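# Examining the three-dimensional arrangement
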Amino acid sequence: EDVAPCLSSWSDLIHPDDRQVHAALLEQIIGDRTLQEDDQTVEYRMRCKDGTYLWFSDRIAVIRDGAGNPTAIIGSNREITQQRWMKLAVQEARDQLLTVLDSIDAHIYVADMETYHVLFMNSKMRRDFGRDMQGEICWQVFRHGDRPCEHCTNHLLLGEDGQPTGVHEWESYNPVVGPWYNNYDRAIQWIDGSWVRIQIAVDISRIKEMEAEQRRNAEHLRRAERFEAIGTLAGGIAHDFNNLLQVILGQLSLLELDCRHDAE
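Read on for an overview of the structure.

Rules used in this analysis
Residues numbered from 1 in each chain as written. Predicted model: local features only at pLDDT ≥ 70, side-chain atom pairs only at ≥ 80, totals over all residues. Heavy atoms only, no water. Helix = DSSP H or I, 4+ residues; strand = E, 2+ residues; numbered from the N terminus. Contact = heavy atoms within 4.5 Å. Pairing = 2+ DSSP bridges. Axes fitted to C-alpha atoms, helices over the stretch in contact; angles between N-to-C directions. Core = buried A, V, L, I, M, F, W, Y, C linked by side-chain atoms within 4.5 Å. Buried < 20%, exposed > 50% of the residue type's maximum accessible area, 1.4 Å probe, protein only. Disulfide = S-S within 2.5 Å. Salt bridge = Lys/Arg side-chain N within 4 Å of Asp/Glu carboxyl O. Expected span 1.5 Å × (residues − 1). Arc of directions from axis to C-beta.

## Considerations on the overall build of the chain
What the chain contains, in helices and strands, is 6 helices and 8 strands. From first element to last, N terminus to C terminus, the chain shows the α and β order α-α-β-β-β-α-β-β-α-α-β-β-β-α. Within the chain, contacts between residues separated by at least 24 positions form 38% of all contacts whose residues are at least 6 apart in sequence.

## A short note on the sheet that holds strand β1 (residues 41-47)
Here 3 strands make up an open sheet; going across it, the order is β1-β2-β3 and the pairing antiparallel. The open sheet is flanked by β1 and β3 (70-79), the only strands paired with a single partner. The sheet shows a mean angle of 40° between the axes of neighbouring strands, taken without regard to direction. Pairing of β1 with strand β2 (residues 53-64), which is carried by 7 bridges, proceeds in the antiparallel orientation. Across the sheet, M46 pairs through a bridge with L54, a residue of β2.

## What about the nonpolar core?
Residues Y109, Y116, M121, M125, M133, C138 and F142 are the most contacted members of the largest nonpolar core, which totals 14 residues. Listed in part, the 9 residues of the second largest apolar core include L26, I29, V42 and F56.

## Some words on the state of the cysteines
In total, this model carries 0 disulfides according to the counting rule given. C149 forms no disulfide, and the closest cysteine sulfur to it belongs to C138, at a distance of 6.4 Å. Taking the relative accessible area as the measure of exposure, C149 reaches 23% and is therefore partly exposed. Here C152 is not disulfide-linked; the sulfur of C138 is the nearest cysteine sulfur, at 6.4 Å. Since its relative accessible area comes to 15%, C152 is described here as buried.

## Focus: the pattern of salt bridges
A full pass over the atoms with the stated rule returns 7 salt bridges. The partner of K124 in a salt bridge is D105, and the shortest N-O contact between them spans 3.5 Å. Within this pair, whereas K124 is found in helix α4 (residues 123-129), its partner D105 is found in the loop between α3 (81-103) and β4 (107-112), the two being separated by 19 residues in sequence. Overall, K124 belongs to the buried group, its relative accessible area being 17%. Assessed through its relative accessible area of 63%, D105 is described here as exposed. With its nearest N and O atoms 2.5 Å apart, the salt bridge here joins E136 to R131. Taking the relative accessible area as the measure of exposure, E136 reaches 27% and is therefore partly exposed. Since its relative accessible area comes to 41%, R131 is described here as partly exposed.

## Re the pairing of β2
A loop of 5 residues connects β1 with β2, the two strands running antiparallel in sequence, and G51 in this loop sits at a positive phi of about 90°. When β2 meets β3, the two strands line up antiparallel, connected through 9 bridges. Bridge pairing in β3 links D58 to N77. Adjacent in sequence and paired antiparallel, β2 and β3 are bridged by 5 residues, among which G68 carries a positive phi angle near 90°.

## Quick word on helix α2 (residues 19-31)
For an α-helix the count is 3.6 residues per turn, leaving residues at separations of three or four pointing the same way. Taking 1.5 Å of rise per residue, 13 residues should cover 18 Å, and α2 covers 18 Å from first to last C-alpha, within 8% of that figure. Residues H22, L25, L26 and I29 constitute the buried set of α2. With its buried residues spanning 100° around the axis, α2 presents them on a single face. In α2, the exposed positions angled more than 90 degrees off the buried face are occupied by Q20, E27 and G31.

## Side note on the sheet that holds strand β8 (residues 195-203)
As summarised here, the arrangement of the 5 strands in space is β5-β4-β8-β7-β6, forming an open sheet in which the pairing is antiparallel. If you trace the sheet from one side to the other, it starts and ends with β5 (118-121) and β6 (168-173), each paired once. Direction aside, neighbouring strands of the sheet carry axes that sit 25° apart on average. Sheet topology note: the β6/strand β7 (residues 180-189) ladder contains 6 bridges and is antiparallel. Its bridge partner lying in β7, W170 is registered against N183.

Now the structure itself:
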């Protein structure tokens, strides 16, 4: 009864869209003595004298009598309007970034450079691998390995000054989904401020097929050129042999005439 009038007047200052959340937390705090300190904080908008609303973070505690009944409420109110807008701006920027990454027709994922845990994988990668593998170890799920990949670029992505060294490009065949990929790795600063590895992998299987076809065609051409060279050589030998044979036949003819003349 002592608490009710205070709650009513305080609620009048709270934005209409936030009153239900605030009231629900108060009701929960009054009725549940087992709540942890973090569970007793609520964020809401409160009206100022000029009619505008500011965001506040309110940490609430209940004072009880000897019988455990609530007699008063203590609140520690902190204005967080700027922090709230910054948080929303960061969230919007993050959502926009993820939307862009999901729209790219390439495999894109982000992994922790120390633990190798997958922090993000885009929609194309989720489709091709069959599920979202966020939170799992990259070399286990993407390559079915039993240790970090030999070609892992983690140790190359940051210089001695702790700053990114740029893009590192490499090719590989993926044993899980099959195609050849051209991989572009670099270090970026993640949402929590830590350095992580982002990889963009472009399917180059068609290029590999064309390169293999070119090698096959080049090999066929080399064989044809060898056969042509052998044919030319054989033709030259046959021509020279024919000339030599004609000389021999001519000498035999002269010898035959001499023999007939002696016989007469």
